[in-house]
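Examining the three-dimensional arrangement
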Amino acid sequence: MTLTKLKMLSMLTVMIASLFIFSSQALAVQYFTVSTSSGAPVNMRSGPGTNYPIMLSIPSGSRVPYYCYAYGTTVTGKYGTSNIWDQIQWKDSRGVVNIGYVSDTYVYTGSDGPVGYKCN
């Protein structure tokens, strides 16, 4: 390669790396606690509603990564009544990472409304 091509490739590499660094900071994951009044586990579902299958249960009091919210079935839980569902992550007993939905009424986000981005 010529020196000019190497310089251009280096500049392009730096620009792409900068893009990833800045975009990852803008989309930083937040962590919230899921809990029930009774201490029972919280069900994670495959979609934003009680009509979706339960994927697994998360122990009450667990901190989970939160990604986005969606609207679905209205549920009454520890933090009120809402049709907001939060997309979160949890590792099952085998260590497999699962991404699913939990009613916002079991997630302490500090808000009665949506938090962060709406899921696509």
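As the structure is a computational prediction, the values presented were derived from the model and not from experiment.

Description of the overall build of the protein
Looking only at helices and strands, one finds 1 helix and 7 strands in the protein. Counting from the amino terminus, helix and strand elements in the protein follow one another as α-β-β-β-β-β-β-β. For the protein, the proportion of its 120 residues judged to be buried stands at 32%. For the protein, contacts bridging at least 24 residues in sequence account for 56% of all contacts bridging at least 6.

Describing the nonpolar core
Counting residues in each nonpolar core, the largest one holds 14 residues, and the members touching the most others are Val34, Met44, Ile58, Ile88 and Val102. When residues of this core are traced back to their parent elements, those giving at least two are strand E1 (30–34), strand E2 (42–45), strand E3 (54–58), strand E4 (62–77) and strand E5 (80–91). Top element by residues in this core is E4. It accounts for 3 residues. Ranked by size, the runner-up nonpolar core spans 6 residues in total, among them Cys68, Ala70, Val75 and Cys119.

Some remarks on the confidence of the model for the protein
Counting all residues, the mean pLDDT for the protein is 87, and 80% of those residues have values of 70 or more. The model gives residues 21–25 a pLDDT under 50, and that stretch makes 0 contacts with residues more than four places away or in other chains.

A short note on the pattern of salt bridges
Enumeration over the complete set of coordinates arrives at 1 salt bridge. A salt bridge links Asp92 to Arg94; the shortest N-O distance between them is 2.7 Å.

Comments concerning the state of the cysteines
In this structure the tally under the stated criterion is 1 disulfide. With a sulfur-sulfur separation of 2.0 Å, Cys68 is cross-linked through a disulfide to Cys119. Here the S-S torsion is close to 100 degrees, and the disulfide linking Cys68 with Cys119 is therefore right-handed. Of the two residues, Cys68 sits in strand E4 while Cys119 sits in the segment after strand E7 (107–108), which places them 51 residues apart along the sequence. There is no split in this pair, since Cys68 and Cys119 are both buried.

Focus: the environment of Val107
If you trace the backbone, Val107 turns up in strand E7. Residue Val107 is classed as buried on the basis of its relative accessible area, which comes to 2%. Among residues more than four places away in sequence, those in contact with Val107 are Phe32, Thr33, Val34, Tyr79, Asp86 and Val102.

Calculation rules
- Residues numbered from 1 in each chain as written.
- Predicted model: local features only at pLDDT ≥ 70, side-chain atom pairs only at ≥ 80, totals over all residues.
- Heavy atoms only, no water.
- Helix = DSSP H or I, 4+ residues; strand = E, 2+ residues; numbered from the N terminus.
- Buried < 20%, exposed > 50% of the residue type's maximum accessible area, 1.4 Å probe, protein only.
- Contact = heavy atoms within 4.5 Å.
- Core = buried A, V, L, I, M, F, W, Y, C linked by side-chain atoms within 4.5 Å.
- pLDDT = per-residue confidence, 0-100.
- Salt bridge = Lys/Arg side-chain N within 4 Å of Asp/Glu carboxyl O.
- Disulfide = S-S within 2.5 Å.

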